[in-house]
Amino acid sequence: MATTAAPLNYLNNGYGAASWLLTRDHKRIALLYLYSITAFFFLGGFFALLIRLELLTPAADMVAPDMYNRLFTMHGVVMVFFFLIPSIPAVLGNFLIPIMVGAKDLAFPRINLLSWYIYVLGGLFTIVAAISGGVDTGWTFYAPYSTSASNSHVILAGVGIFITGFSSILTGLNFIVTVHRMRAPGLTWFRLPLFVWAHYATSLIMILGTPVIAITVLLVAVERGLHLGIFDPALGGDPILFQHLFWFYSHPAVYIMILPAMGVVSELVQAFARKNIFGYSFVAFSSLAIAVIGFLVWGHHLFVAGQSTYAGLVFSLISFFVAIPSAVKVFNWTATLYKGSVSWDSPMLYAFGFIGLFTIGGLTGLFLATLGMDIHMHDTYFIIAHFHYVMVGGAIFGYLGGLHYWWPKITGRMYPEGWAKFAALNIFVGFNLTFFPQFIVGYLGMPRRYAMYAPEFQVYNVLSTAGATILGVGYLIPMIYFAWSLKHAPRAGDNPWGARGLEWEIPSPPPTENFTATPIVTEGTHQYAPSREVGIV
């Protein structure tokens, strides 16, 4: 019996290792990133598992305090630098931005591939550091502990982060040039998808902020190796200078992680409410506002570090300003849902989770931007809970929502929707059971980064560990059904969600060249109804 060959697409256009490892196709590079960051996600998750098991009891009876220090440091380093920062930009951004702007590839395909190799090289250095015994400084590498006191593998991990920073810079550069120079005819700035706006703002932070952390880590290595006095007061250096430099990048880096997730949620809310986004231009410009204001608030991490009270007051005030564009997004998503024809598909469940959990994370951030409250809760588990409500409840929910939404486009296959909804519910319940008790125990005074704690805090820690177990199972379920779907799930149509956008107008999976003819854009690419904002009434 004659069989019909599958249409040529980017997945079946070459099967050899070289066709993947030397590819210049942005879609294949996105998949290379997907496999890489997934490996780092589970490595970071393994460290988190050990941390939570240790904290089941008040005593340090599973690992010694020194090993505990290394576990939470490696968890932070791996999750922040090798999963959260590259997750959405390097995977979904790489795959979608050229298609969303009507281009055949990113502006610099070879540099795009180079950025993945740089990422892998940096990751290998960090893995070697972990295998060799890890780092015990905390992911913040505060001096002078990192520069002189620590006897762990600070330089090796620092070199890994330094190298990986170049990957981030090159990716941001590629996105900015692509958006400026390669948009399809008719695709004006105010017809761009909000996902692209979010990545444009993110790219600005990547390019402007990443060199600062790279130089800071390099200076730590220089001071540690050559004993030059930069940050260590014993050598004439200033440890507060390190904190200023570190947080000048690392606070905006929070927005590198959350802005792309906000772009994903903007797309999901429009697609599953079947409505134009409420206040398109406000949502677009709020991304840029978050990127700009985010560079002005680093000092709120130094309220108890010895900076002047007046500086603290200024940083506190500006920190409240950054909440305004974030609130604009939340209000506009909610207004979009109002009277929308909302469907409860699994990507939308993650969007609902994002809106609720990110709002909690953002509001508790305002508590910490207040001088008096921050002094009370500094270095407690309240910080851990706030950070994870933004990073996990925000960034990871956005990543998973986007992965489920565009999975049919990426692979040409659907996934079992029932299991996907069950996993989303599992992750939501497990996440809240893990981190909400930490708000309470932190407010009650339990400090972070200690292997031992007072016995009255044990019930909260048992709840957190139980929640982490549920959360871990929740993460495994999508891994299993995504892998299963590659061979066994029904084939996806070109537009299984009935969504709008250039990516839904091409086959699933897309051909290597994305478009057989350059698209001509005559209306907003994600427009569900006439709108004056995009010039169509």
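Placed above this text is the structure.
All figures in this text were calculated on a predicted structure; none of them were measured in a lab. (Residues numbered from 1 in each chain as written. Predicted model: local features only at pLDDT ≥ 70, side-chain atom pairs only at ≥ 80, totals over all residues. Heavy atoms only, no water.)

Draft legend 1. Structural context of the overall build of the chain. Along its length, the chain carries 15 helices and zero strands. Relative to the 2.2 N^0.38 estimate, which gives 24 Å for 537 residues, the radius of gyration of the chain is 23 Å and therefore close to what a compact globule would have. For the chain, the proportion of its 537 residues judged to be buried stands at 58%. Surface summary for the chain: the accessible area is close to 20800 Å², and the carbon and sulfur share equals 72%. With 24 positive and 21 negative side-chain charges, the chain shows a spacing of 13 Å between the two charge centroids. (Helix = DSSP H or I, 4+ residues; strand = E, 2+ residues; numbered from the N terminus. Rg over C-alpha atoms; globule rule 2.2 N^0.38 Å. Buried < 20%, exposed > 50% of the residue type's maximum accessible area, 1.4 Å probe, protein only. Areas by Shrake-Rupley, 256 points an atom, 1.4 Å probe, with all protein chains shown as cover. Lys, Arg positive; Asp, Glu negative; His and termini not counted. Charge placed at Lys NZ, Arg CZ, Asp CG, Glu CD.)

Draft legend 2. Geometry of the packing of helix 8 (residues 239-273) against helix 9 (residues 280-293). Axis separation between helix 8 and helix 9 bottoms out at 11 Å; the angle between their running directions is 175°. One finds that helix 8 runs roughly antiparallel with respect to helix 9. Two secondary-structure elements touch here, helix 8 through Tyr255, Leu259, Met262 and Ser266 and helix 9 through Val283, Ser287, Ile290 and Ala291. Of the residues in the contact of helix 8 with helix 9, the class split is six nonpolar, two polar and no charged. (Axes fitted to C-alpha atoms, helices over the stretch in contact; angles between N-to-C directions. Parallel < 35°, antiparallel > 145°, perpendicular 65-115°, else oblique. Contact = heavy atoms within 4.5 Å. Nonpolar A, V, L, I, M, F, W, Y, C, P; charged D, E, K, R; others polar.)

Draft legend 3. Looking closely at the nonpolar core. In terms of nonpolar packing, the biggest core is built from 166 residues, with Leu92, Phe354 and Trp406 touching the most fellow members. For this core, the element with the highest residue contribution is helix 3 (residues 65-100), accounting for 22 residues. With sequence-adjacent residues up to four places away left out, Phe354 is seen in contact with Ile258, Ala261, Met262, Val265, Trp333, Thr359, Gly393, Gly394, Ala395, Phe397 and Gly398. (Core = buried A, V, L, I, M, F, W, Y, C linked by side-chain atoms within 4.5 Å.)

Draft legend 4. Representation of the side chain of Ser250. With respect to the helices and strands, the residue Ser250 is situated in helix 8. With near-sequence residues (within four places) excluded, Ser250 lies in contact with Trp139 and Ile213.

Draft legend 5. Region of the structure containing unusual backbone geometry. Cis geometry is adopted by the peptide bond preceding Pro144, which originates at Ala143 and carries an omega value of 5°. In this structure, Pro144 sits in the loop between helix 4 (109-131) and helix 5 (145-149). Residue Pro509 is reached from Ser508 by a cis peptide bond, and omega for that bond is -5°. Although it is not a glycine, His227 adopts a positive phi angle of roughly 60°.

Draft legend 6. Fine view of the packing of aromatic side chains. Taken as a whole and assessed by the stated rule, the structure comprises 51 aromatic pairs. Ring geometry for Tyr10 against Phe95: centres 5.6 Å apart, planes inclined by 70°, an arrangement best described as edge-to-face. Highlighted residues: Tyr10 in the segment before helix 1 (17-21) and Phe95 in helix 3, separated in sequence by 85 residues. Each member of the pair, Tyr10 together with Phe95, is buried. Look at Tyr415 and Phe482: their rings are 5.8 Å apart centre to centre, the planes differ by 90°, and that puts the pair in the edge-to-face class. Of this pair, Tyr415 sits in the loop between helix 13 (381-411) and helix 14 (417-443) while Phe482 sits in helix 15 (residues 458-488), placing them 67 residues apart in sequence. Considered together, Tyr415 and Phe482 belong to a single accessibility category, that of buried residues. One aromatic cluster is present, formed by Tyr350, Phe367, Phe382, Tyr389, Phe397, Phe431, Phe435, Phe436 and Phe439 through successive ring pairs. Over the ring of Trp20 we find Arg28, and its NZ or CZ is 4.1 Å from the ring centre. (Phe/Tyr/Trp six-rings, centres within 6.5 Å; stacked < 30°, edge-to-face > 60°. Lys NZ or Arg CZ within 6 Å of the ring centre and 35° of its normal.)

Don't take any of this as a statement about function, it's just geometry.
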